[in-house]
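Given next are the chains, with one letter for each unit.
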Amino acid sequence: MAVWQVPSDLLARSRFTVSPMVDTVAALRALHYPRTPWQRAWREPHVAAFRRMLTGRPVVRALLPASFHPRWTADFLTVAPASPEPTFAAELAAVGRLSDERIRADLRATRPEPLAAELLADGLTGQVVELLDWVWTHTVEPEWPERERRLRADIVARTAALSAGGWAGVFADLNRNVCWLGDGRLQVNDYPEPPLSLDEAEQLVFLPAHCRRGWVVWDRPTRFGMVYPVHGILVDPTSPAPDGLARLIGANRAHILARLDTPLSTSQLVAVTGLSLGTVGDHLRVLLDAGAVGKRRSGREVLYWRTPLGVALTSSTR
C-alpha cells in the first residue's frame, strides 16, 4: 500500500477545496472510458462530439490511451492546484508551462510500452492543453454552476464530519482504500509503493470530484492532494418524502427536509423539488426556526442540511 507520512503541522494546515481542472480530468476519464452506469449516462449526450473532435486529432487519439492506466493517471493530468480557489484558466496555464519532454516522461511512467510515433513530435503540450480546454468548454463548463454547488455541499458535509469525528473519521469515508493508520501515516491507496515523506510539503488539499474513485495529485515536493468521489452524484430527485412526515409538517416542507441528508443550496432544492425559489426560501425559514435544519455559507452559496432533530423527524415518520 502507498502511505504518506504527514507532519502534524501540515495536516493542521490542510483544507478542502474545489478544482475545475480536477473535475475536467474526471470528465475526460468518463468520456474516454466510462466505468459506471452514471458515467455512461452522463457521457451519452457528449460522445458524438467527442469522437468528431478525436477524428481530426491523431496526436490526441494516441495521447488518451497512453495517459490512463487502469490504476494510474499520467502526472501532467494530476498537478495539485497552486491557489486556495483555483480557476480553470490558471490551472490550464500551469499545464501549458510543462515541457513536451515532461509530458513524454509522465506518459512513459504511466505505461511501460514505447510511445506512439504521434507523441514524439514537437507541440505535445499544446495538444494536451487543447484537449483539456475542449473537455472543459464542451462538457464541464455548461454544467459548472450545478457541479460546483454539489462539490461545495460535499465540502460542508466533510467539514461537519471533521468536527464530529476528527480526521480519522473523514479519511475513512473518502475512499475505500484511504485510511488513517496513526503515527502520522495516511494510506492513500493500496498500490505497492514505498512510504513517501511529506516533510517538505507546503500544501495538502482534499478535492471532491465527479469520479468513480479518487486519485492523488501533486507537484512534488511542495504540493500534495487527494481527489475523492463527491457525494450526491446518484441523488434521485423523484424519491418521495415519508408519508408520516408530510402529514406532520406538510408535503412541501417534508419534501425539502427529505432532500437534506447531504447539504444543498436553495437553487439545488428548487431543482430537485420542483418548487419555486420563494416557496423553498419560505419553507427553509420555518425549518430553520424549528431547528430541523442548519445552514452555513460555502463560497457564493448558503447550504442547508438536516440537524439531529431533522434526522429524527425523517427517521421516526417512515
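Reading the values: rules and limits
Residues numbered from 1 in each chain as written. Predicted model: local features only at pLDDT ≥ 70, side-chain atom pairs only at ≥ 80, totals over all residues. Heavy atoms only, no water. Helix = DSSP H or I, 4+ residues; strand = E, 2+ residues; numbered from the N terminus. Rg over C-alpha atoms; globule rule 2.2 N^0.38 Å. Contact = heavy atoms within 4.5 Å. Areas by Shrake-Rupley, 256 points an atom, 1.4 Å probe, with all protein chains shown as cover. Pairing = 2+ DSSP bridges. Axes fitted to C-alpha atoms, helices over the stretch in contact; angles between N-to-C directions.

Draft legend 1. How the structure looks around the overall build of the chain. Counting secondary structure elements, the chain contains 14 helices and 13 strands. Whereas a compact globule of 318 residues would reach a radius of gyration of roughly 20 Å, the chain reaches 21 Å, a difference of no more than 12%. Considering only contacts in the chain between residues 6 or more positions apart, those separated by 24 or more positions represent 66%. For the chain, the computed accessible surface area is about 14800 Å², with 54% contributed by carbon and sulfur atoms.

Draft legend 2. Layout of the pairing of strand β13 (residues 301-306). By the bridge criterion, two bridges tie strand β11 (residues 264-265) to β13 in an arrangement that is antiparallel. Looking at the pairing, Ser265 lines up with Leu303 of β13. Pairing of strand β12 (residues 293-298) with β13 involves six bridges; the strand directions are antiparallel. Bridge pairing in β13 links Val293 to Arg306.

Draft legend 3. Here's a closer look at unusual backbone geometry. With an omega dihedral of 10 degrees, the bond running from Arg220 to Pro221 counts as a cis peptide bond. Relative to the helices and strands, Pro221 is located in the loop between β9 (215-219) and β10 (223-229).

Draft legend 4. Representation of the sheet that holds β9. Read from one edge of the open sheet, four strands run β2-β8-β10-β9, paired in mixed fashion. Where the open sheet ends on each side, the last strands, each with one partner, are β2 (15-16) and β9. For β2 and strand β8 (residues 203-209), the ladder comprises two bridges, and the chain directions are parallel. When the bridges of β8 are listed, Arg15 appears paired with Val205. Packing against the sheet, helix α2 (residues 20-32) makes contact with β8, β9 and β10, and its axis sits at approximately 130 degrees to β9.

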